[in-house]
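# Tertiary structure, described
The chain contents come next:
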Amino acid sequence: MTSGITELSQLLADMSPELQAGEFVFCSVNGQLADYAHLEPLCCFKEQEGLTLVLTVEAAIQGYLAFDVRFKQITLTVHSSLEAVGLTAAISHKLTDYGISANVIAAYYHDHIFVPADKVSLAMQALKEFAA
């Protein structure tokens, strides 16, 4: 198991953003993850106010869960280190320049950016500027 790339300039040049299929939503629920496992959440995070689930739109509807905004997932295919400094800031800054909100989730191998579904084309264009 490798630890990933830490050099910011290399991460930005090699990140190769890839649009994932489907639309996702963020839902806040009460209870435990086991109560919602049948909805197959993409990820979850336990907060003081409740459990946040990232789900497909279809799963949220199936589970009768409320949500506000539909998001598209963009995966940065470069293997970024969890100790890399500045990647999230650079991405956030770039998307801010285009007026796009970004919800970033860092996993072991890749970073995943959730942007409003209606702005995904513009977000992909903005992120590809790093490789230019």
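Overview of the structure. (Residues numbered from 1 in each chain as written. Predicted model: local features only at pLDDT ≥ 70, side-chain atom pairs only at ≥ 80, totals over all residues. Heavy atoms only, no water.)

## A word on the pattern of salt bridges
This structure, assessed with the given rule, holds two salt bridges. Note that Arg70 and Glu23 form a salt bridge whose closest N and O atoms lie 3.3 Å from each other. With a gap of 47 residues between them, Arg70 in the loop between helix H2 (57-62) and strand E5 (71-76) and Glu23 in the loop between strand E1 (17-19) and strand E2 (24-29) connect regions that are remote in the sequence. With relative accessibility at 25%, the residue Glu23 sits in the partly exposed group. (Salt bridge = Lys/Arg side-chain N within 4 Å of Asp/Glu carboxyl O. Helix = DSSP H or I, 4+ residues; strand = E, 2+ residues; numbered from the N terminus. Buried < 20%, exposed > 50% of the residue type's maximum accessible area, 1.4 Å probe, protein only.)

## Focus on the nonpolar core
Nonpolar side chains tend toward joint burial in soluble globular proteins. Ile74, Ile91, Leu95, Ile113, Val115 and Leu127 are the most contacted members of the largest nonpolar core, which has 19 residues in total. With five residues, helix H4 (residues 120-128) is the single largest residue contributor to this core. Ignoring anything within four residues of it in the chain, the contact list for Leu95 reads Ile100, Ala102, Ile113, Val115, Ala123, Ala126 and Leu127. Of all hydrophobic cores here, the second largest spans 12 residues; its members include Val25, Tyr36, Leu55 and Ala59. (Core = buried A, V, L, I, M, F, W, Y, C linked by side-chain atoms within 4.5 Å. Contact = heavy atoms within 4.5 Å.)

## Description of the pairing of strand E3 (residues 43-47)
Bridge analysis of E3 against strand E4 (residues 50-56) gives five bridges, and the strand direction is antiparallel. Within E4, the residue paired with Cys44 across the bridge is Leu53. Here E3 folds back onto E4, and the loop between the two strands holds two residues. (Pairing = 2+ DSSP bridges.)

## Overview of helix H3 (residues 87-97)
When H3 is considered as a whole, its buried residues turn out to be Leu87, Ala90, Ile91, Lys94 and Leu95. The arc that holds the buried residues of H3, viewed along the axis, is 125 degrees, so those residues lie on one side. Within H3, the exposed residues directed more than 90 degrees away from the buried face are Ala89, His93, Thr96 and Asp97. Next to the buried residues of H3 lie helix H1 (8-14), E5, strand E7 (111-116) and H4. Just beyond H3, the residue with positive phi is Gly99, at close to 70 degrees. (Arc of directions from axis to C-beta.)

## A few points about the packing of aromatic side chains
Tallied over the entire structure, the rule returns four aromatic pairs. Between the aromatic rings of Phe26 and Phe114, the centroid separation amounts to 5.7 Å while the plane-to-plane angle is 90 degrees, which identifies the pairing as edge-to-face. Here Phe26, found in strand E2, pairs with Phe114, found in strand E7; they are 88 residues apart in sequence, far enough to count as distant. Through a chain of ring-to-ring contacts, the aromatic side chains of Phe24, Phe26, Phe71 and Phe114 assemble into a single cluster. (Phe/Tyr/Trp six-rings, centres within 6.5 Å; stacked < 30°, edge-to-face > 60°.)

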